[in-house]
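Chains, contacts and geometry: an overview
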Amino acid sequence: PGFSHSFRELPATTPLRPSKTERRTMSAMSTSQAFAAPVAAAKASKHLTQRAASVAGSKPVVAKKSVRCTSARASGNAGVRAATSAPVLDIDTKIFEKELVDVAGEGEYIVRGGRHLFAKLPEALKGINTIGVIGWGSQAPAQAQNFRDSLAEAGMDAKVCIGLRPSSTSNDEARKCNFSEEDGTLGETFDVIAKSDLVMLLISDAAQAKLYPRILAAMKPGSTLGLSHGFLLGVMDSDGETFRPDINVVLVAPKGMGPSVRRLYEQGKEVGGSGINASFAVHQDATGNATDIALGWSVAVGSPFTFATTLEMEYRSDIFGERGILLGGVHGIVESLYRRYIKQGMSGEDAFKNTVECITGPITKIISTKGIKAVYEQVEDKAEFMKAYSASYTPCKDILYECYEEVESKNEIKSVVMAVERFDKFPMGKVGTSAMWKVGEKVRAERVEADIPLNAFTAGVYCACMMAQIDTLREKGHSFSEVCNESVIEAVDSLNPYMHARGVAFMVDNCSYTARLGSRKWAPRFDYNLEQQAYVSVDEGAAVDAEKEAAFLNNPAHIAVANCCALRPSVDISVVFGVGSARDVDASSFKSGEKATEQAAAK
């Protein structure tokens, strides 16, 4: 229900800015020549080879020749056949239906979700009687409750159990969600691990780095270790360790924060197709059915579609992404622009509206519904947009390349582990206490959504950072599905709406330790590069770089975003905090590790 399995041909004249209705029905398998996008830059070839060497539960598909995706018009007439490159990653499922889609000229396999597939869960999860969800951070409450609800709807007796430290205050929160010691659905961490057939390890990255030897030792032979982030692989690689050979190791990574995962699943009970997209990987298949276990997990937590990746590519894109446009980049952008506009004579309130409000409001809505290029098309002063874009692209990409290579080398992972070990001496302070964020509280309280400006200069800087991140990931060999979900959809359909409700600083202060540390480390770098390079260039009257302008206007990523948006949930998330139009989840849903922050709990 809620998913269209028919495809129609998109003529060559189809604009890259589909309407909201259009993107809900548009096929991800195009037939226009515009969709025959260039293959990723040559420097990405070695990364593509690495991806092919560690595929999602099957042998690599060697992309030596094109494959053909057949598209059909909505009327049922046969469509024109369009050549696309062969998928790098296969999905070796025996239970679910894999689908070949064309994402800007590149073939990728996906598996669509939907509540009608719950009937397949007993077969996919055969032998999985106990599902241990370890932790109670952002993802754990959402995934545990979604999984439990789906199992019940499928008529299964499998039990979802929460594993926590006895002293954790999260035990009370789990009990409020109807997990309890009495019925065996709440217990001590290692007791739950030892009895579970599927161990969903959703504790903080730092805790995983510290506890993984004990966790792996406690698991039953033939059980499955489930991750929602590839961070642990980076830690173990750095330590020279490998996973036990007698267990499955899989990943299901929803491309949104936990409250979004739960809220959209709940909406999906009424409106088919609601949910958060997920990537999945099979790192180790000891039992021969790890792929279907992972896909069953993804379907059960409500993923509208699931695409293939590897653990390594996932942690690279995820850790990098949150240091870029998802958190660190947007934080650095708004701080630098706020000061710039104040110096130009704006009041504090107007400066906040033209920075934070502009990005989390109209810019986010335009990208979510029409794409990145549509922001340029909708600003009144296109010359001002392009001036800001041209000046900001390279300074942002300079930082993004460095950041990616720090993650790739595992230096960034080591930095997170070491920083957490210093918390006893140097606890992490809060970001949202400065004057700018106090002004923001007033602005949000008085917000009139229709009055939020679409500032062309702000839009140019933000789009430059987003496009620089997309280009960096593509040049490093990431698939369009991964790039679009990590750099665009997760921003505009998950994180930014919550920022709109509570502010960018609130998000930075209330996300995972890995993300919080990364944002604090890299946001000042974006701030500095933009102020010292981009804005100086603009103020000195530098001409727009024609090559950058053309690269932006003709970037195949615009087509890829439109394709991925066509596979996105059929409804927008509803999340209301009592301010503006931003959205219906209690603030206490925000977590920092296993413990709600005082600010969130107070609300």
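Scroll up for the structure.
Everything numeric in this text was worked out from a predicted model, so none of it was measured. (Residues numbered from 1 in each chain as written. Predicted model: local features only at pLDDT ≥ 70, side-chain atom pairs only at ≥ 80, totals over all residues. Heavy atoms only, no water.)

**Focus on the packing of aromatic side chains**
The final tally for this structure, using the stated rule, is 12 aromatic pairs. Ring centres of F305 and F307 lie 6.2 Å apart, and the angle between their planes is 45°; on these two criteria the pair is classed as tilted. Looking at F307, the relative accessible area reads 0%, which means it is buried. Arranged with centres 5.8 Å apart and planes meeting at 90°, the rings of F352 and W437 form a pair that is edge-to-face. Of the two residues, F352 sits in helix α13 (residues 348-370) while W437 sits in helix α17 (residues 435-445), which places them 85 residues apart along the sequence. For the pair formed by F352 and W437, the shared burial category is buried. An aromatic cluster of at least three residues, connected via ring pairs, comprises Y376, F385, Y389, Y393 and F552. (Phe/Tyr/Trp six-rings, centres within 6.5 Å; stacked < 30°, edge-to-face > 60°. Buried < 20%, exposed > 50% of the residue type's maximum accessible area, 1.4 Å probe, protein only. Helix = DSSP H or I, 4+ residues; strand = E, 2+ residues; numbered from the N terminus.)

**Examining the pairing of strand β3 (residues 98-103)**
The side chains of a regular strand alternate, first on one face of the sheet and then on the other. Of all six residues in β3, five are buried, a share of seventy percent or more. With antiparallel pairing between neighbouring strands as the criterion, β3 and strand β4 (residues 106-112) make up a hairpin whose turn holds two residues, including A104 at a positive phi of roughly 55°. (Pairing = 2+ DSSP bridges.)

**Things to note about the pattern of salt bridges**
Counted under the stated rule, the structure contains 33 salt bridges. Between R316 and E312 there is a salt bridge; the shortest N-O distance is 2.5 Å. With a gap of four residues between them, R316 and E312 both fall in helix α11 (residues 311-323), about one helical turn apart. Residue class for R316 comes out buried when judged on its relative accessible area of 2%. Two residues, K442 and E349, come together in a salt bridge whose shortest N-O distance is 4.0 Å. Here E349 lies in helix α13 and K442 lies in helix α17, a separation of 93 residues in the sequence. (Salt bridge = Lys/Arg side-chain N within 4 Å of Asp/Glu carboxyl O.)

**So, the pairing of strand β10 (residues 248-254)**
Where burial is concerned, most of β10 is hidden: seven out of the seven residues are buried. Of the two faces of β10, the one holding N248, V250, V252 and P254 and the one holding V249, L251 and A253 are both buried throughout. When strand β9 (residues 224-227) meets β10, the two strands line up parallel, connected through four bridges. Pairing of T224 across the sheet is with N248, part of β10. Since β9 and β10 lie parallel, the crossover through helix α8 (residues 231-239) that links them has a hand, and here it is right-handed. Here β10 pairs with strand β11 (residues 278-284) via six bridges, running antiparallel. Each bridged residue has a counterpart across the sheet, and for V249 the counterpart in β11 is Q284. (Right-handed = clockwise from strand over helix to strand, strands pointing away.)

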